[in-house]
Amino acid sequence: MTNSYLWIKTFHIVLITSWFAGLFYLPRIFVNLADEKNPDTYARLLGMSDRLFRFMTILAVPAVLLGVTLWLYFGVGAGDVWMHAKLFFVLLVIGYHHACYGILKKFRAGVNTKSGVWYRWFNEVPVILLVVIVALVLFKP
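Residues numbered from 1 in each chain as written. Predicted model: local features only at pLDDT ≥ 70, side-chain atom pairs only at ≥ 80, totals over all residues. Heavy atoms only, no water.

A word on the UniProt feature "binding site: heme" (unreviewed entry) in the protein. Per the UniProt record, the feature "binding site: heme" (unreviewed entry) sits at His12 and Lys86. None of the other annotated residues line the largest pocket; only His12 and Lys86 do. Secondary-structure assignment places His12 in helix H1 (residues 3–35). Inspection of the secondary structure assignment puts Lys86 in helix H3 (residues 81–109). Apart from the residues lying within four places of it in its own chain, the contact partners of Lys86 are His12, Ile133, Leu136 and Val137. (UniProt positions renumbered as here; feature names shortened; annotations may be inferred. 1 Å grid on protein atoms, 1.4 Å probe; cavity = no way out; pocket = protein on both sides within 12 Å on 5 of 7 lines; lining within 4 Å. Helix = DSSP H or I, 4+ residues; strand = E, 2+ residues; numbered from the N terminus. Contact = heavy atoms within 4.5 Å.)

Here we take up the layout of surface pockets. Over the atoms rolls a probe the size of a water molecule, and in doing so it shows where empty space is left. Roughly 720 Å³ of internal volume is contained in the largest pocket. Forming the walls of the largest pocket are 29 residues, and the residues nearest its centre are His12, Ile16, Lys86, Ile133 and Val137. Among the elements of the structure, H1, helix H2 (39–72), H3 and helix H5 (125–139) are those that each provide at least two residues to the lining of the largest pocket. In terms of residue class, the lining of the largest pocket is made up of 23 nonpolar, three polar and three charged. (Points joined across faces, edges and corners; volume = space filled by probe spheres on them. Nonpolar A, V, L, I, M, F, W, Y, C, P; charged D, E, K, R; others polar.)

Turning our attention to the side chain of Asp50. Turning to its location among the elements, Asp50 is positioned in helix H2. Contacts of Asp50, omitting those with residues within four sequence positions, involve Leu104 and Arg108.

This is the structure:
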């Protein structure tokens, strides 16, 4: 293995970990936003959400690009069933990220219709996706 491969893999893992930290935390802020009645606190939570979403997106883009580099340039998982499954779940993660943006837009517009309990359940989705993706990478079924 070359040093460039190991550096790309290192940064891919670090960026994925950081991106998922945001995916775990943003819906927790949504829980608080859904239940918040104080306009000042709501505005502060909304600002936190906006900044976190921007930061998550900044992390997600290179994370995905480095993953594609590992796959296409270094041939990691090329032609393997586990990689196709992993890519499917990565697309679901990207869809979840996009869903968070849609929810954030609703909170900005003041038209959220979901409860804090709903967001608590919504918050479990990235955990499940991460477990499946890590298992696919480690076990390579």
